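Observations on the three-dimensional arrangement
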Amino acid sequence: MAAAGGLLFGVAEGTALSVLGGSLGALLAFALARTVAGDAVTALAGERLARLERAVAERGFVAVLYARIFPGVPRDLSNYAFGLTRVGVVAFAAATVMGIAPRAYAYVALGGSLGSFDSTQSIVAIGLLVGMGLLGLVLVRADVARSRA
């Protein structure tokens, strides 16, 4: 969708629409999970899941930001999962916008320059996607090492 936005609206408007749509969709899923299933999941969760939930709640903003940056985390699933935790709505929204904006720009830019992957815009977009993936891996690895120490 972001690439289509770049093709249809250009990079600036396409990025803004992509970030807005992605953020609103994430907030809707978050609110839906919290409203419909939050209490039921808490009641059914075992101690191991309860510890995980407490750890996520303590570092809400960072946990959401890592989920947005780390490659391979299914965004839709994580929206619902964070809704089942005590992560604050403001922290969730802020980390979501910050985490999806660079990737949204990259996909929109690639869509906007479809067919000319040797353009500066395409090269920057591809570099940004690779950099975001590597940053996610480095941050999560450092965080896991820190928590084990």
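Residues numbered from 1 in each chain as written. Predicted model: local features only at pLDDT ≥ 70, side-chain atom pairs only at ≥ 80, totals over all residues. Heavy atoms only, no water.

**What to know about the environment of Val-140**
Filter applied, for reference: Put simply, DSSP H or I for four residues or longer makes a helix, DSSP E for two residues or longer makes a strand, and each gets a number counted from the N terminus. Burial status follows relative accessibility: with a 1.4 Å probe on protein chains alone, a residue under 20% of its type maximum counts as buried, one over 50% as exposed, and anything between as partly exposed.
Among the structural elements, Val-140 can be located in helix H8 (residues 120-148). For Val-140, a relative accessible area of 26% puts it in the partly exposed group. Put simply, Val-140 and Ala-29 are 111 residues apart on the chain and 24 Å apart in space, counted from C-alpha to C-alpha.

**Side note on the confidence of the model for the protein**
Low pLDDT means the predicted atomic positions in that stretch should not be read closely. Test applied: pLDDT measures how confident the predictor is about each residue, on a scale from 0 to 100.
For the protein, the mean per-residue pLDDT works out to 83, and 92% of the residues sit at or above 70. Helix H2 (residues 11-36) holds the highest mean pLDDT among the elements of the protein, 92, whereas helix H3 (residues 38-44) holds the lowest, 65.

**Points about the nonpolar core**
Operational definition: Among buried residues, the Ala, Val, Leu, Ile, Met, Phe, Trp, Tyr and Cys ones that are joined through side-chain atoms within 4.5 Å form a nonpolar core. We call two residues contacting when some pair of their heavy atoms lies within 4.5 Å.
Among the nonpolar cores identified, the biggest contains 13 residues, and Val-56, Val-64, Phe-82, Val-87 and Phe-92 are the most heavily contacted of them. Within the residue set of this core, elements represented by two or more residues are H2, helix H5 (60-69) and helix H7 (89-112). Sequence-distant contacts of Phe-82, defined by excluding residues within four places in its chain, comprise Phe-30, Arg-34, Val-56, Ala-63, Val-64, Ala-67, Val-87 and Phe-92.

**Notes on the packing of aromatic side chains**
Where we set the bar: Two aromatic rings, drawn from Phe, Tyr or Trp (for Trp, its six-membered ring), form a pair once their centres lie within 6.5 Å of each other, and the interplanar angle then sorts them: stacked below 30 degrees, edge-to-face above 60, tilted otherwise.
With the rule as written, the count across this model stands at two aromatic pairs. Aromatic side chains Phe-30 and Phe-92 sit 4.2 Å apart centroid to centroid with 20° between the ring planes, which places their arrangement in the stacked category. Highlighted residues: Phe-30 in helix H2 and Phe-92 in helix H7, separated in sequence by 62 residues. With respect to burial, Phe-30 and Phe-92 carry one shared label: buried. Judged by centre distance (6.2 Å) and plane angle (55°), the rings of Phe-82 and Phe-92 are tilted. Linking Phe-82 in helix H6 (residues 75-83) with Phe-92 in helix H7, this pair joins segments that are ten residues apart in sequence. Looking at Phe-82, the relative accessible area reads 8%, which means it is buried. By relative accessible area, which is 0% here, Phe-92 ends up buried.

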